[in-house]
Amino acid sequence: LQLGNARNKGRPAAAFRLDSLLRLKDTRSVDNKTTLLRVLAGTAAGLQAMHKAGYAHRDVKPHNVLLADNGAPVLMDLGSAAPIRVEVRSHREAMTLKDEASVKCSAPYRAPELMEPPNPGVVDGQSDVWSLGCTAFAMAFGLGPFEKPT
């Protein structure tokens, strides 16, 4: 995960197209397989870096992946980030995790273990893999796997 230096001679470290994946989603699909794979690989690399640092993102979705001017994907909105491994040892801990996820994680991209945490059990970075898969689906088909077309 790379963070730019905001004090780059008074200019932002990188410029982003704010429409990025949202615009791609609105066109009903990514223009080609190469773009889809490049964006997914870059997003996965960002998640891998977070996981190696001991954190899970927990809100991976098209809205949280921006594209830099050079087309590189940048994982945004780390407000839902949590420790990579959370042990659930009681009903109370499971309900606390579920409540936190309902506030911080977008339902259409939320992993099943965040909807109904295992008790007892462990929630880890696999929840980000689920969300990345849902994001890939949205990029390919224009809506998430659990969203109804309008």
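Keep in mind it's a predicted model, so treat the numbers as computed, not measured.

> How do you make sense of the overall build of the protein chain when you look at a structure like this?
Looking only at helices and strands, the protein chain features five helices and seven strands. Going through the 150 residues of the protein chain one by one, you find that 37% of them count as buried. Sequence separation of 24 or more characterises 66% of the internal contacts of the protein chain that already satisfy a separation of 6 or more. With an accessible surface of roughly 8,900 Å², the protein chain has 56% of that area assigned to carbon and sulfur atoms.

> Help me understand the nonpolar core in this model?
Among the nonpolar cores identified, the biggest contains twelve residues, and these are Leu 36, Val 39, Leu 40, Leu 47, Met 50, Val 60, Val 65, Leu 67, Leu 75, Leu 132, Ala 136 and Met 139. Contributions of two or more residues to this core are made by α2 (33-52), β3 (65-68) and α5 (126-141). It is α2 that provides the largest number of residues to this core, a total of five residues. By size, the runner-up hydrophobic cluster in this structure holds seven residues, among which are Ala 94, Cys 105, Leu 114 and Val 123.

> Just checking my understanding: could you explain unusual backbone geometry for this structure?
Residues apart from glycine generally show negative phi values, whereas peptide bonds are mostly found in trans. In this chain, Asn 119 is followed by Pro 120 through a cis amide linkage whose omega measures -5 degrees. Mapped onto the elements, Pro 120 comes out in the loop between α4 (112-115) and β7 (121-123). A positive phi angle is found at Arg 58, which is not glycine, with a value near 70 degrees. Inspection of the secondary structure puts Arg 58 in the loop between β2 (55-56) and β3. Here the phi dihedral of Asp 77 falls at roughly 55 degrees; this positive angle occurs in a residue that is not glycine. Mapped onto the elements of the fold, Asp 77 is located in the loop between β4 (73-75) and β5 (82-83).

> So what exactly am I meant to see when it comes to the packing of α2 against α5 here?
Packed helices, taken two at a time, are described by the angle between their axes plus the distance between the axes. The contact between α2 and α5 brings their axes to 11 Å, and the two run at 165 degrees. In this view, α2 runs roughly antiparallel relative to α5, as classed from their interaxial angle. The hand of the α2/α5 crossing is right-handed. Along its contact with α2, which presents Leu 36, Val 39, Leu 40, Thr 43, Ala 44, Leu 47 and His 51, the element α5 presents Asp 128, Leu 132, Ala 136, Met 139 and Ala 140. Its residues assigned to classes, the contact of α2 with α5 shows nine nonpolar, two polar and one charged.

> Sorry, what's going on with the side chain of Ser 131 here?
Counting through the fold element by element, Ser 131 comes out in helix α5. On the basis of relative accessible area, Ser 131 is assigned to the buried category, the value being 3%. When near neighbours in sequence (up to four residues on either side) are disregarded, Ser 131 contacts Val 60, Tyr 109 and Ala 111.

> Is there a simple way to think about the pairing of β3 in this case?
Regular strands show a simple pattern: their side chains alternate between the two faces of the sheet. Both faces of β3 are covered, namely the face carrying Val 65 and Leu 67 and the face carrying Leu 66 and Ala 68. With three bridges joining them, β3 and β4 adopt antiparallel strand pairing. Residue pairing across strands places Leu 67 opposite Pro 73, the latter belonging to β4. Once β3 ends, the chain turns through four residues before running back antiparallel as β4, passing Gly 71 with a positive phi of about 90 degrees.

> Looking at this model, I keep getting lost on α5. Mind explaining?
Helical geometry note: an α-helix holds 3.6 residues per turn, so side chains three or four residues apart project in the same direction. The end-to-end C-alpha separation of α5 is 23 Å, in line with the 22 Å expected for 16 residues at 1.5 Å each. Within the span of α5, buried status applies to Ser 127, Asp 128, Ser 131, Leu 132, Cys 134, Thr 135, Ala 136, Ala 138 and Met 139. Gly 142 lies just past α5 and shows a positive phi near 90 degrees.

Procedures and definitions
- Residues numbered from 1 in each chain as written.
- Predicted model: local features only at pLDDT ≥ 70, side-chain atom pairs only at ≥ 80, totals over all residues.
- Heavy atoms only, no water.
- Helix = DSSP H or I, 4+ residues; strand = E, 2+ residues; numbered from the N terminus.
- Buried < 20%, exposed > 50% of the residue type's maximum accessible area, 1.4 Å probe, protein only.
- Contact = heavy atoms within 4.5 Å.
- Areas by Shrake-Rupley, 256 points an atom, 1.4 Å probe, with all protein chains shown as cover.
- Core = buried A, V, L, I, M, F, W, Y, C linked by side-chain atoms within 4.5 Å.
- Axes fitted to C-alpha atoms, helices over the stretch in contact; angles between N-to-C directions.
- Parallel < 35°, antiparallel > 145°, perpendicular 65-115°, else oblique.
- Left-handed = near helix turned anticlockwise from the far one by under 90°.
- Nonpolar A, V, L, I, M, F, W, Y, C, P; charged D, E, K, R; others polar.
- Pairing = 2+ DSSP bridges.
- Expected span 1.5 Å × (residues − 1).

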